[in-house]
Amino acid sequence: MQWLRSLLGLHDHADLFSPVPPNPAQDALAAIDDLSRAMRNHQGAVDICSALGNLYRMRGELDRAIQMRSSLLHRVDLSREDQARVWFELGRDYSRAGILDRAQEALRQCRDIGGENPALDLELALLHAKGGDFLSASRQYKKMGHNLQAAHYLVRAATTGSGVTDLGLLAEAREIHPASPEAWLEGIMFQINQEAWDNVLVLLDQGLGAVGPNLGFVLLDPLLDFEDSGVPVKAIIPASYLDGLLAVIDKHPPDLAPLHYAGCLLRAHDRVEEAKTWQEKTLLMSPAFWPARLELLTMSLPEQHMTPVFELQLEFLLRRAREAKRFVCGRCGLKRGQIFFCCPKCMSWHSITIRQLLSDEGS
Ligand SMILES: [Zn+2]
């Protein structure tokens, strides 16, 4: 049972004193070969080898997983169903290893032998997305009825490549999944770059209605220029369009973030008294909403008479508060300074929220 000892990382005591040091990687690869040979004629051996391959993949030992599948595929008694299964897992191994052309080939073999199935469809969609073929990823998700992801990858396809936003693809994305914030956001950003402010307001009005109050802030975010520290420093939208924008925000059900953004935009255009009113509206909805408190404090500073020492201390505290990341995943609590559509930690879609509490723990 040398292969089993090797597999478990055990070595004979004598190895410690032998002139040639043991090589665990070679031992394990030899063990896989031994295991495959030993089980060649055993019922259920395919399941055991597959499970072992999956364990290797989970541990990140992808070369061993690939070796295990390849040995299995050499077996002459493998049923077609098992062949398809092993090709599928081999495709996943190659995909995790970043060898995308081989992953594609293995998944094609799986489809040729075993036909289509939902797990294969999902793996193909992930593979297209990973390889940067966003249009194929979108089509694949659409075929599976996953419209949210289909719209997301259409937007990625519309904004990568030639450097010119493909408005046709954006419109298609909004048709597939009308609540897609990224589809509306990219349309709005395109109109902002064109300085077509009437179009910006029309899209904002439609978009705020489509994505709902919870995600409305995503569409308003590009109207303000934030410093790295998250301080709103300047309004992107011209002063002459500000009242039009406030009317659009007012048309939709009130929510903390849109009211807060309205206040920030007003302050950026030196309409301080109105800005205070909008920030106070957010505090009526949620007294703990710290971004509004920070804005109100900042606006009231010129009215205060402070000693230089006090001013210095306050400035330090305000700077630290502004360094806090502005967004948080509503599902897992991950904090981020930038907008995200799929949480990089828990992989949930459109779970982004404005960080409401400064006391939130975590990174
Ligand atoms: Zn998350």
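Residues numbered from 1 in each chain as written. Predicted model: local features only at pLDDT ≥ 70, side-chain atom pairs only at ≥ 80, totals over all residues.

J.: I'd like to hear about the overall build of the protein chain, residue by residue, with values.
T.: The secondary structure content of the protein chain amounts to 18 helices and 5 strands. By the burial criterion, 33% of the 363 residues in the protein chain qualify as buried. Look at the contacts in the protein chain between residues 6 or more apart in sequence, and 50% of them connect residues 24 or more apart. (Helix = DSSP H or I, 4+ residues; strand = E, 2+ residues; numbered from the N terminus. Buried ≥ 20, exposed ≤ 12 C-beta atoms within 10 Å, placed from the backbone. Contact = placed C-beta atoms within 7 Å.)

J.: Please provide a residue-by-residue account of the packing of helix 14 (residues 242-251) against helix 15 (residues 256-268), values included.
T.: The contact between helix 14 and helix 15 brings their axes to 10 Å, and the two run at 170°. When the axis of helix 14 is compared with that of helix 15, the two are roughly antiparallel. The chirality of how helix 14 crosses helix 15 is left-handed. Along the contact surface, helix 14 presents Leu242, Leu245, Leu246 and Ile249, while helix 15 presents Pro258, Ala262 and Leu265. A per-class count over the contact of helix 14 with helix 15 returns 7 nonpolar, no polar and no charged. (Axes fitted to C-alpha atoms, helices over the stretch in contact; angles between N-to-C directions. Parallel < 35°, antiparallel > 145°, perpendicular 65-115°, else oblique. Left-handed = near helix turned anticlockwise from the far one by under 90°. Nonpolar A, V, L, I, M, F, W, Y, C, P; charged D, E, K, R; others polar.)

J.: Quick one: what's the story with the packing of helix 3 (residues 45-58) against helix 4 (residues 62-73), residue by residue and with numbers?
T.: Running from amino to carboxyl end, helix 3 crosses helix 4 at an angle of 160°, the nearest separation of the two axes being 7 Å. By the angle between their directions, the pair helix 3 and helix 4 is classed as roughly antiparallel. Between helix 3 and helix 4 the crossing geometry is left-handed. Along the contact surface, helix 3 presents Val46, Cys49, Leu52, Gly53, Tyr56 and Arg57, while helix 4 presents Leu62, Arg64, Ala65, Met68, Arg69 and Leu72. A class-by-class count of the residues in the contact of helix 3 with helix 4 yields 8 nonpolar, 1 polar and 3 charged.

J.: Explain the environment of Leu120 residue by residue, including any values.
T.: As for its placement among the helices and strands, Leu120 is situated in helix 7 (residues 118-130). A sequence separation of 10 residues divides Leu120 from Cys110, and the C-alpha atoms of the two residues are 8.2 Å apart. Those residues in contact with Leu120 that sit more than four places away from it in its chain are Phe88, Leu107, Cys110 and Arg111.

J.: Any chance you could break down the sheet that holds strand 5 (residues 352-354) for me, citing the residues and the numbers?
T.: Taken together, 3 strands build an open sheet; the order of strands is 4-3-5 and the sheet is antiparallel. The strands lining the two open edges of the sheet, one partner per strand, are strand 4 (335-336) and strand 5. Strand direction decides the pairing type here: strand 3 (residues 327-329) and strand 4, joined by 2 bridges, are antiparallel. Note on strand 4: the bridge partner recorded for Val328 is Lys335. (Pairing = 2+ DSSP bridges.)

J.: Could you give me a rundown of the nonpolar core, with the residues and numbers involved?
T.: With 71 residues, the main nonpolar core has Leu154, Ala173, Leu219 and Leu265 as its most contacted residues. A total of 9 residues in this core trace back to one element, the largest contributor, which is helix 15. Residues from two domains meet in this core; each of domain 1 (1-115) and domain 2 (190-316) gives at least three. (Core = buried A, V, L, I, M, F, W, Y, C linked by C-beta atoms within 7 Å. Domains from an automatic or database assignment.)

J.: Talk me through helix 18 (residues 308-322); I want residue IDs and the actual numbers.
T.: For helix 18, spanning 15 residues, the distance from its first C-alpha to its last is 21 Å, which sits close to the expected 21 Å at 1.5 Å a residue. By the criterion of burial, helix 18 is predominantly exposed, with just 0 of the 15 residues buried. (Expected span 1.5 Å × (residues − 1).)

J.: Give me helix 6 (residues 100-114): which residues, what numbers.
T.: Across its 15 residues, helix 6 extends 21 Å between first and last C-alpha, which sits within 8% of the 21 Å expected from 1.5 Å per residue. Buried within helix 6 we find Ala103, Ala106, Leu107 and Cys110. Each buried residue of helix 6 sits inside an arc of 95° when the element is viewed along its axis, so together they form one side. When the buried face of helix 6 is taken as reference, the exposed residues oriented beyond 90 degrees from it are Asp101 and Asp112. On its buried face, helix 6 is in contact with helix 5 (80-97) and helix 7. (Arc of directions from axis to C-beta.)

J.: Please set out unusual backbone geometry residue by residue, giving values where relevant.
T.: The backbone of Asp270 sits at a positive phi, close to 60°, despite the residue not being glycine. For Asp270, the position within the fold is in the loop between helix 15 and helix 16 (272-285). In this structure Asp270 comes out as exposed when scored by C-beta crowding, with 9 C-beta atoms within 10 Å.

J.: Give a detailed account of the environment of Met144, specifying residues and quantitative values.
T.: Along the chain, Met144 falls in the loop between helix 8 (134-143) and helix 9 (147-159). Here the alpha-carbon distance between Met144 and Asp121, two residues 23 residues apart in the chain, equals 7.3 Å.

J.: Residue-level account of the confidence of the model for the protein chain, with values.
T.: Detailed conclusions should not be drawn from predicted coordinates in areas where pLDDT is low. Overall, the prediction assigns the protein chain a mean pLDDT of 86, with 85% of residues at 70 or greater. In this model residues 1-20 is a low-confidence stretch, pLDDT under 50, and it forms 13 contacts with partners more than four residues away in sequence or in other chains. (pLDDT = per-residue confidence, 0-100.)

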